[in-house]
Amino acid sequence: MTIQTEKEREDLIEGGKRLAAVLSALGAKVAPGVTTEELDDLAEQLIRAGGDEPCFLGYTPEGAHRPYPATLCVSINDEVVHGIPNESVRKLKEGDIVGLDLGLRHNGVIVDAAITVPVGQVDDETTKLLRATEAALARGIAAALPGNHVGDISQAIQKEIEGAGFSVVKELGGHGVGEHVHEEPFIPNYGRTGQGELLTEGMVLALEPISTAGKASVVLAPDGYTFRTKDGSRSAHFEHTILLEKGGARIVTAA
Ligand code: MG
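Residues numbered from 1 in each chain as written. Predicted model: local features only at pLDDT ≥ 70, side-chain atom pairs only at ≥ 80, totals over all residues. Heavy atoms only, no water.

1. Some points on the coordination of the magnesium ion
Taken together, Asp-112 (OD), His-175 (NE2), Glu-208 (OE) and Glu-239 (OE) make up the protein donors of the magnesium ion, found 2.2 to 2.4 Å from the metal. Site description for the magnesium ion: donor spacing in sequence, D-x62-H-x32-E-x30-E. Placement of His-175 in strand S7 (residues 173-176) and of Glu-208 in the loop between strand S9 (204-207) and strand S10 (210-212) is noted, with a sequence separation of 33 residues between them. Side by side, His-175 and Glu-208 carry an identical accessibility label, which is buried. (Donors = N, O, S within 2.8 Å, 3.2 Å for Na, K, Ca; no water. Helix = DSSP H or I, 4+ residues; strand = E, 2+ residues; numbered from the N terminus. Buried < 20%, exposed > 50% of the residue type's maximum accessible area, 1.4 Å probe, protein only.)

2. Thoughts on the pairing of strand S15 (residues 248-251)
Pairing of strand S14 (residues 240-245) with S15, which is carried by four bridges, proceeds in the antiparallel orientation. Counterpart to Leu-243 in the pairing with S15 is Arg-250. Between S14 and S15, which pair antiparallel in sequence order, lie two residues. (Pairing = 2+ DSSP bridges.)

3. A few points about the nonpolar core
One finds Leu-26, Val-98, Leu-100 and Leu-102 to be the most contacted residues of the largest nonpolar core, which totals 41 residues. At the level of elements, helix H1 (6-29), helix H2 (36-49), strand S2 (72-76), strand S4 (97-106), strand S5 (109-118) and S9 are the ones that each hand at least two residues to this core. Setting aside residues up to four positions removed in sequence, Leu-100 forms contacts with Leu-23, Leu-26, Gly-27, Val-30, Leu-39, Leu-72, Cys-73, Val-74, Ala-113, Ala-114, Ile-115 and Val-117. The next biggest cluster of nonpolar side chains, apart from the first, holds 24 residues, and it includes Ile-141, Ile-161, Phe-166 and Leu-244. (Core = buried A, V, L, I, M, F, W, Y, C linked by side-chain atoms within 4.5 Å. Contact = heavy atoms within 4.5 Å.)

4. What to know about the side chain of Asp-52
Mapped onto the elements of the fold, Asp-52 is located in the loop between H2 and strand S1 (53-54). In this structure Asp-52 comes out as buried when scored by relative accessible area, which is 7%. Setting aside residues up to four positions removed in sequence, Asp-52 forms contacts with Arg-18, Ile-47, Leu-104, Arg-105 and His-106.

Shown next, in the form of structure tokens:
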């Protein structure tokens, strides 16, 4: 989506603020013993209480064989993204990490964001993975300037994650957002500066570095949604929706 009116801009910013509040509440609920289904129920309840709609529920992404059955994606440890919280319900354990990926539609405008949260105390390597992936998101956002190219974002993210000794998942990445859950351009988390589509003022993008502590390969589970690392290593994921403005990117889903 490219923002063209003040009304669209206001709806985007308000939607982002609401999504950030819901994600913060979900993050605060994460604790040993909490189930994935409880998190999903809370996400749906909070979104609807604000008068908005979950936008993953019932959405069929390109290549999927059925609509996504939940509000929230919950991906634990070696689950990379798109874990389904309300089918095989799982209980969080001390030392786990849990990725929470959520989108909502506010006045017709879609926003998308994700965090990965430690459950209680996690080991040092895991903490390092989380920090590097969050830092990669910040680097990507800093590179998202009108006049730059998609490859500038990709390269910034890749450099941060690989520089910390981790791997970038190649099959998954960021995307345009706003009117639909997934729009052009695809934003790989690896690439070269100056390559890919030109970034212009008003573009709405979801940037989402996805990293692994081991090798980069992922496999899709028989449920058709859950990606896992092939080697069983842990994976982290952070995402913000951003609006490209003259001086730089505005983080729409900032907490
Ligand atoms: Mg996304």
